[in-house]
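# Remarks on the overall topology
Okay, here's what each chain looks like letter by letter:
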Amino acid sequence: MSYCQKASLRRICRETLTHTTAHGISSILRSKSTFQKNCWIVFVIFVITCMLWQCSELIIAFFQYPSQERITLVNNSKLKFPAVTFCNLNRVRKSLLNSKYSFLKKELPFLDNDFGSNLTRGTENDHEYSYSLDYALSKLSIENQAEAGHQLEDMLLSCKFHGSRCDKSFFSTFLHHKFGNCYTFNSLTKMGSRGQLMRREVLNVTKAGFSYGLVLELFIEQDEYLELLSHAAGLRFIIHDQKDMPFPEDDGVNIPPGQESDLAIVKVHVHRLKAPYASKCSNGDGIQNYYRDAYKVGYTREACKKTCGQMHIINNCGCGMWEFPVPKGMNVPFCNITNKDINRCVQIFEDMFAHDELDCSCPLQCKEEIFELTLSSSQWPSAVYMDEFARQLKSSGGKLAQVASNSIRDNLVKVVINYQQLNYELIEEAPAIRAIDLMSGIGGLVGLWIGVSICTVAEFLELLLNVIIFTVKKRLIRKNKKAPLNPYMIAHQTFKPIV
């Protein structure tokens, strides 16, 4: 390339860079002295270094995937009513143990009145007695265990929802190792006329307040309680979402007899983010969940942990515990705790499970509905209503007539469950730095330190385009100069006439 060509390329670059909006570069080119130019060069290098440092910090922060919580109050004209599960605090009816299942007393001598009166009592011993009862009942079929527990038709005296009557068809049931039969109102299934489970529509409420919820009057049958094991009387209530498995041993409130208990609920919906964000939540895909197989429920962290505990017991002790469901399709026997080796093995893993020491990968669920409760109570029935209520019970006959004489407040429970307000709290985990935030942050830093904007980028693109055009033109000119000339013209130029 000739000197003229060099000067032309230099002129193209200089003309663009002298007037660019990236002020540091133009200041270098416009400097009138070497000292001034060197100062501007040092300064430009400094600001570019600062810009690169802050941009790198912003990029590193983005790839750490920080998150923040966003709380919103959502107003609705109607809300889905939650599932309401209740269990009797007594596991099994005494009358059934004394009659149809009296053979179990051979394994449970502490249930015998004469023998039980000489037993040592205390927290540890009571736990052993309860453990032995659970093991003995686990030998019965699911149907027989359900029969031995308290029945809904005996317990349910009155049911009203949103001012309309409801009956046992609004309830589904499941068997719990500690509380026996548990009944769920407004679940995703209902009992058909022949006892079969059917899909049902979830109930909604359109108003908040005392008069627009669920009102239950229940008979706890305290005369059926086991003396040595039933230290408290009443019902265990759990308010939960329809897709979640209720765990009465971990959640819920006890409702005593002789009171009207009002449970005002406020719904909180939590939405978490999956990995790589900190919550690393899961919808349960690819995670073993025995409760989903047994009860057709969704994924929860507690269900995952209990499944993991059962897996460790099965893999290490060769049997399953009755308090957890067993894997579907596997013929796993229940652990025989009378065998010392098996009992020792089970105790080791149950202690590890209780202290959360098992190697279980159980992330939080991505979507969770929590129901915050406010409990208030009053005496029920009142003194002035007692006589009239007793008269109504006597007319019903059976056990209720006996209860009406002297033990109404020891056996009857009234519960009112309603929304405190129709709006609910939405707690969302959101990215603290989104991709658009990263781009905006980098653009702001580049503009702050070196004054570069989109217009400046366009100027450099124009410069690049001019350089490319200049280079292509010069290459074409060079190629044309090196092309061979016409032979006739060469011969004509070399011929010289003789003078």
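As the structure is a computational prediction, the values presented were derived from the model and not from experiment. (Residues numbered from 1 in each chain as written. Predicted model: local features only at pLDDT ≥ 70, side-chain atom pairs only at ≥ 80, totals over all residues. Heavy atoms only, no water.)

Before going further, it helps to spend a moment on the overall build of the protein. When helices and strands are counted, the protein shows 17 helices and 17 strands. Out of the 499 residues in the protein, the part that is buried amounts to 41%. Long-range pairs, those at least 24 residues apart, make up 75% of the contacts in the protein between residues at least 6 apart in sequence. Accessible surface for the protein amounts to roughly 28600 Å². Of this, 55% is attributable to carbon and sulfur atoms. (Helix = DSSP H or I, 4+ residues; strand = E, 2+ residues; numbered from the N terminus. Buried < 20%, exposed > 50% of the residue type's maximum accessible area, 1.4 Å probe, protein only. Contact = heavy atoms within 4.5 Å. Areas by Shrake-Rupley, 256 points an atom, 1.4 Å probe, with all protein chains shown as cover.)

Turning our eyes to something else, we now look at a nonpolar patch on the surface. A cluster of nonpolar side chains, contributed by Val457, Leu461, Leu464, Ile468, Val472 and Leu476, occupies part of the molecular surface with about 540 Å² of accessible area. You can see Ile468 is positioned in helix α16 (residues 454-481). (Patch = residues over 30% accessible without salt bridge, like charges linked within 9 Å, V, L, I, M, F, W, Y side chains within 5 Å. Salt bridge = Lys/Arg side-chain N within 4 Å of Asp/Glu carboxyl O.)

Turning next to the UniProt feature "transmembrane region" (unreviewed entry) in the protein. Under the UniProt annotation, the feature "transmembrane region" (unreviewed entry) is placed at residues 39-63 and 446-472. Spanning residues 446-472, this segment combines 89% helix with 0% strand, and its end C-alpha atoms are found 32 Å apart. (UniProt positions renumbered as here; feature names shortened; annotations may be inferred.)

It is worth spelling out the state of the cysteines at this point. Under the criterion given, the structure shown has seven disulfides. Across the disulfide, Cys87 is cross-linked to Cys182 (sulfur-sulfur distance 2.0 Å). Here Cys87 and Cys182 share a disulfide; its torsion about the S-S bond, 115 degrees, makes the bridge right-handed. With Cys87 in strand β3 (residues 83-88) and Cys182 in strand β7 (residues 180-185), this residue pair connects regions lying 95 residues apart in the sequence. Covalent S-S linkage joins Cys304 and Cys362, the inter-sulfur distance amounting to 2.1 Å. Its S-S torsion of about -75 degrees marks the bond between Cys304 and Cys362 as left-handed, since a negative value means left-handed. Here Cys304, found in helix α10 (residues 301-317), pairs with Cys362, found in the loop between α11 (340-354) and β15 (367-379); they are 58 residues apart in sequence, far enough to count as distant. According to the relative accessible area criterion, Cys304 is buried, its value standing at 3%. (Disulfide = S-S within 2.5 Å.)

Further remarks concern the packing of α10 against α11. Following both chains from N to C, one finds α10 and α11 inclined at 155 degrees, their axes separated by 10 Å at the closest point. The angle between α10 and α11 falls in the class roughly antiparallel. Pair α10 / α11 crosses with right-handed handedness. Contacts between α10 and α11 pair Lys305, Lys306, Gly309, His312, Ile313, Asn316 and Cys317 from the former with Cys345, Val346, Phe349, Glu350 and Phe353 from the latter. Split into classes, the residues belonging to the contact of α10 with α11 amount to six nonpolar, three polar and three charged. (Axes fitted to C-alpha atoms, helices over the stretch in contact; angles between N-to-C directions. Parallel < 35°, antiparallel > 145°, perpendicular 65-115°, else oblique. Left-handed = near helix turned anticlockwise from the far one by under 90°. Nonpolar A, V, L, I, M, F, W, Y, C, P; charged D, E, K, R; others polar.)

Now for the pattern of salt bridges. Opposite charge on two side chains permits pairing when their charged atoms draw close. If you walk through the whole model with that rule in mind, you get 19 salt bridges. For Lys94, the salt bridge goes to Glu227, with nearest N and O atoms at 3.1 Å. With Lys94 in helix α4 (residues 94-98) and Glu227 in the loop between β11 (214-219) and β12 (235-240), this pair connects stretches of sequence that are 133 residues apart. Residue class for Lys94 comes out partly exposed when judged on its relative accessible area of 24%. Residue Glu227 is classed as partly exposed on the basis of its relative accessible area of 49%.

We now examine α10. Spanning 17 residues, α10 covers 24 Å between terminal C-alpha atoms, matching the ideal 24 Å at 1.5 Å per step. Considered for burial, the residues of α10 that qualify are Ala303, Cys304, Lys305, Lys306, Thr307, Cys308, Gly309, Gln310, Ile313, Ile314 and Cys317. Buried positions along α10 lie against α9 (290-295) and α11. (Expected span 1.5 Å × (residues − 1).)

So, about the nonpolar core. Ranked by internal contacts, the top residues of the largest apolar core, which has 35 residues, are Phe86, Phe185, Leu214, Phe237 and Ile417. For this core, the element with the highest residue contribution is strand β16 (residues 412-419), accounting for four residues. Not counting chain neighbours up to four residues away, the residues in contact with Phe185 comprise Phe81, Pro82, Ala83, Val84, Cys159, Phe161, Cys166, Phe170, Phe171, Leu203 and Leu214. Core analysis: the second largest hydrophobic core is formed by 24 residues, Tyr291, Val297, Ile313 and Phe349 among them. (Core = buried A, V, L, I, M, F, W, Y, C linked by side-chain atoms within 4.5 Å.)

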